[in-house]
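Residue-level structural notes
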Amino acid sequence: MQDASILVVDDEEIMREILESLLVREGCRVRLACSGEEGVAAARSESFDAAIVDVMMPGIDGLETLGEIRRLDDRLPVIMLTAYGTSGNTREAFKRGAFDFIEKPFKHDDVLTVVRNAVSQRQRASERLDLRRGGPARAQRFHDLIGRSPRMQAVFDLVARAAPSRTTILIHGESGTGKELVARAIHQNSPRSDRPFIPVNSGSLPPDLLESNLFGHVKGAFTGAVAPKKGLFELADRGSIFLDEIGTVPLDTQAKLLRVIQEREFMRLGGVDTIKVDVRIIAATNVDLKRLVDDGAFREDLFYRLNVIVVDLPPLRERREDVPLLAHSFLEKYGRQNDKAELELTADALALLRRYHWPGNVRELENVIERAVVLASGPEIGTNLIPDTVRDAPVLELPNVDLPPDGLPFKKVVEGVEARLITQALEAAGGVQKRAAELLQVKPSTLNEMIKRSGIRPRRKRSSGGPSPLHGTAGGRPTRRP
């Protein structure tokens, strides 16, 4: 945050001094304002990278100040500071464009984390504006793809840069992270936006039906083919086709997809005529395609054709700062659908959502909010409407790590913590991976990938009924004691 310019608006002198001291130590330039009026005047005369505004102030309060500042600069991230944390303030602030909330009393590290995220968003927004100034102005449309975290801002940046091209794009992310939303955003921000966008769930169709759907067929190609049929590639001509779960496509069909990518042509099932198409291919996977290539389950040449531009979607647990924004968006959506437009999330309910691990990612959060809206009988959604899986989930308190003057190898530290947690979970589960996955709140398949990546050799505990000839497992097979 070196040289970042921060506006602090608070009527309490002691709070202004604490924030100023904290931010100056980080290399920030700080402008102090003791009232909403003074803060608006400062925003009118200067440019800032972020603003911190107290909610409760005499005269123009924080919410009014937020609105005025956002009218002056709608790209400025404004962080709201409150000791009250009422659901009404929270919801209204997000409706007016607040970046995030900080509750008093606060931890210094929490403040710095939120401010860093805000400054990062501001810088990325400025970079995108500079890029757009080099060519015709064009509004970017991201539809229901929501996020203010640095990880999601990086996704938006990549989508904005890659969308105008015709290059094949591969989207990688866990189930429920919003891969189809990213694909739609790419299409809508491309020159093909007025042409069809055709989604295909590759894993939900048997091989013969998948090929018939993709490429079409001629009359008599197979039993039941009583008339010729156009395939989805033909229907998507001059538009985009989204191939979800690309890793499940059979090898024979992969060869035909490769030809479409390379030659922009294919033949219908049972046909002999070549059909030319101009289709943008966007593929998605929640598995490691390179590992499938190594296992012989995915064509290497197709992998490299798809792996040109890769969009990595972070799981929700790695962008928790987006949880309030997503939650309020879903609350508005399902509130309108159920004629409950005035619903509010209480501060305690929002805190529960922020601390949960979200193994099902954004899709799970959406389901939780939809359920709460349907069950709500009053104007507020409290913790009683949050499912037990979320409400009773254990809170993981990670130890503080002091950053040495010379820095530390971040990836190795994280990998070490991950391996330690996996080992502890396996020990607590007696070596049963399914139970260990439940303890870590991840899918068994995800845990399996993590175990392979970490090089951990899971061992089942021997039963208490007596010694067993089985000593452990190796590659999923029992190994006998020597």
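The shown structure was predicted, so the numbers you read here are calculated from the model rather than taken from an experiment.

**A word on the overall build of the protein chain**
Looking only at helices and strands, one finds 19 helices and 18 strands in the protein chain. A buried classification covers 46% of the 482 residues belonging to the protein chain. Across the protein chain, every contact between residues at least 6 apart in sequence was considered, and the portion connecting residues at least 24 apart equals 70%. Accessible area of the protein chain: about 24900 Å², with a carbon and sulfur share of 50%.

**What to know about the environment of leucine 316**
Checked against the element boundaries, leucine 316 lands in the loop between β14 (309–312) and α13 (323–337). Look at leucine 316 and you get buried, because its relative accessible area is 1%. Sequence spacing of leucine 316 and asparagine 361 is 45 residues, and the spatial spacing of their C-alpha atoms is 5.1 Å. Once residues lying within four places of it in the same chain are set aside, the contact partners of leucine 316 are Val323, Leu326, Trp358, Asn361, Val362 and Leu365.

**A look at unusual backbone geometry**
The residue after lysine 104, namely proline 105, is reached through a cis peptide bond having omega -10°. Among the secondary structure elements, proline 105 is positioned in the loop between β5 (100–103) and α5 (108–133). One non-glycine residue, arginine 238, lies in the positive phi region at around 70°. One can find arginine 238 in the loop between α9 (232–235) and β10 (240–244). Despite not being glycine, glutamine 441 has its phi angle at roughly 60°, a positive value. In this fold, glutamine 441 is placed in the loop between α18 (433–440) and α19 (444–454).

**Details of the pairing of β10**
In terms of residue burial, β10 counts as a mostly covered element, since five of its five residues are buried. With burial as the criterion, each face of β10 is covered, one bearing Ser240, Phe242 and Asp244 and the other bearing Ile241 and Leu243. Of the pairings in the sheet, the one linking strand β7 (residues 197–201) to β10 comprises five bridges and is parallel in character. The residue bridging phenylalanine 197 from the neighbouring strand is serine 240, located in β10. Here β10 runs beside strand β13 (residues 280–285); their pairing, made up of four bridges, is parallel. Looking at β13, one finds that leucine 243 is bridged to alanine 283.

**Some details on the packing of aromatic side chains**
Within the structure shown, the criterion is met by six aromatic pairs. Aromatic side chains phenylalanine 215 and phenylalanine 266 sit 5.6 Å apart centroid to centroid with 45° between the ring planes, which places their arrangement in the tilted category. With a gap of 51 residues between them, phenylalanine 215 in helix α8 (residues 207–215) and phenylalanine 266 in strand β11 (residues 265–267) connect regions that are remote in the sequence. Of the two residues examined, phenylalanine 215 and phenylalanine 266, each falls in the buried class. Taken together, a centroid distance of 4.6 Å and an interplanar angle of 85° make the contact between tyrosine 356 and tryptophan 358 edge-to-face.

**Some remarks on helix α17 (residues 410–428)**
Given a rise of 1.5 Å per residue, 19 residues ought to cover 27 Å, and the 27 Å separating the end C-alpha atoms of α17 matches this to within 8%. Where α17 is buried, its residues meet α18 and α19. Of the residues trailing α17, glycine 430 is marked for its positive phi of about 65°.

**Structural notes on the pattern of salt bridges**
Note on pairing: side chains with opposite charge can pair once their charged atoms come close. Counting across every chain of the model gives 24 salt bridges. When the shortest N-O distance is used, the salt bridge between lysine 276 and glutamate 265 registers 2.9 Å. Taken together, the residues span a long stretch of sequence, with lysine 276 in strand β12 (residues 274–276) and glutamate 265 in strand β11 at a distance of 11 residues. You can call glutamate 265 buried: its relative accessible area is 14%. Put simply, Asp10, Glu12, Asp54 and Lys104 are held in one network by salt bridges that share partners.

**Overview of the sheet that holds strand β3 (residues 50–54)**
An order of β2-β1-β3-β4-β5 is seen for the five strands of this open sheet, with the pairing classed as parallel. Strand pairing shows two members of the sheet lacking a second neighbour, β2 (29–33) and β5, which therefore form its edges. Across the sheet, the mean angle from the axis of one strand to that of its neighbour is 20°, orientation sign disregarded. The pairing of strand β4 (residues 78–82) with β5 spans four bridges and is classified as parallel. From the neighbouring strand, methionine 80 faces β5, where its bridge partner is phenylalanine 101.

**Points about the environment of isoleucine 309**
Here isoleucine 309 shows up in strand β14. The spatial distance from the C-alpha of isoleucine 309 to the C-alpha of isoleucine 169 is 5.1 Å, given a sequence separation of 140 residues. Leave out the neighbours within four places in its chain, and isoleucine 309 touches Leu158, Ala162, Thr167, Thr168, Ile169 and Leu170.

**Some details on α13**
Helical periodicity: at 3.6 residues per turn, an α-helix aligns residues three or four positions apart in one direction. Taking 1.5 Å of rise per residue, 15 residues should cover 21 Å, and α13 covers 21 Å from first to last C-alpha, within 8% of that figure. Within α13 the residues assigned to the buried category are Val323, Pro324, Leu325, Leu326, Ala327, His328, Phe330, Leu331, Tyr334 and Gly335. Of the residues flanking the end of α13, it is aspartate 339, one or two places downstream, whose phi is positive at about 55°.

**A word on the sheet that holds strand β6 (residues 169–172)**
Hydrogen bonds between backbone groups are what pair the strands of a sheet, and the pairing can be parallel or antiparallel. Spatial ordering of the open sheet is given by β7-β10-β13-β6-β14, a layout of five strands whose pairing is parallel. Only two strands of the sheet have a single neighbouring strand rather than two, namely β7 and β14. The mean inter-strand angle of the sheet, taken between neighbouring strand axes irrespective of direction, is 20°.

**Some details on the confidence of the model for the protein chain**
The predicted model of the protein chain has a mean per-residue pLDDT of 83, with 87% of residues at 70 or higher. Taken element by element, the protein chain is modelled with least confidence in strand β17 (residues 470–474), mean pLDDT 37, and with most confidence in β6, mean pLDDT 96. Residue range residues 130–140 is modelled with pLDDT below 50. Its contacts to residues more than four positions away, or to other chains, number 11 contacts. When the criterion is pLDDT under 50, residues 462–482 qualifies, and its contacts beyond four places in sequence or with other chains add up to 25 contacts.

The rules behind these values
- Residues numbered from 1 in each chain as written.
- Predicted model: local features only at pLDDT ≥ 70, side-chain atom pairs only at ≥ 80, totals over all residues.
- Heavy atoms only, no water.
- Helix = DSSP H or I, 4+ residues; strand = E, 2+ residues; numbered from the N terminus.
- Buried < 20%, exposed > 50% of the residue type's maximum accessible area, 1.4 Å probe, protein only.
- Contact = heavy atoms within 4.5 Å.
- Areas by Shrake-Rupley, 256 points an atom, 1.4 Å probe, with all protein chains shown as cover.
- Pairing = 2+ DSSP bridges.
- Phe/Tyr/Trp six-rings, centres within 6.5 Å; stacked < 30°, edge-to-face > 60°.
- Expected span 1.5 Å × (residues − 1).
- Salt bridge = Lys/Arg side-chain N within 4 Å of Asp/Glu carboxyl O.
- Axes fitted to C-alpha atoms, helices over the stretch in contact; angles between N-to-C directions.
- pLDDT = per-residue confidence, 0-100.

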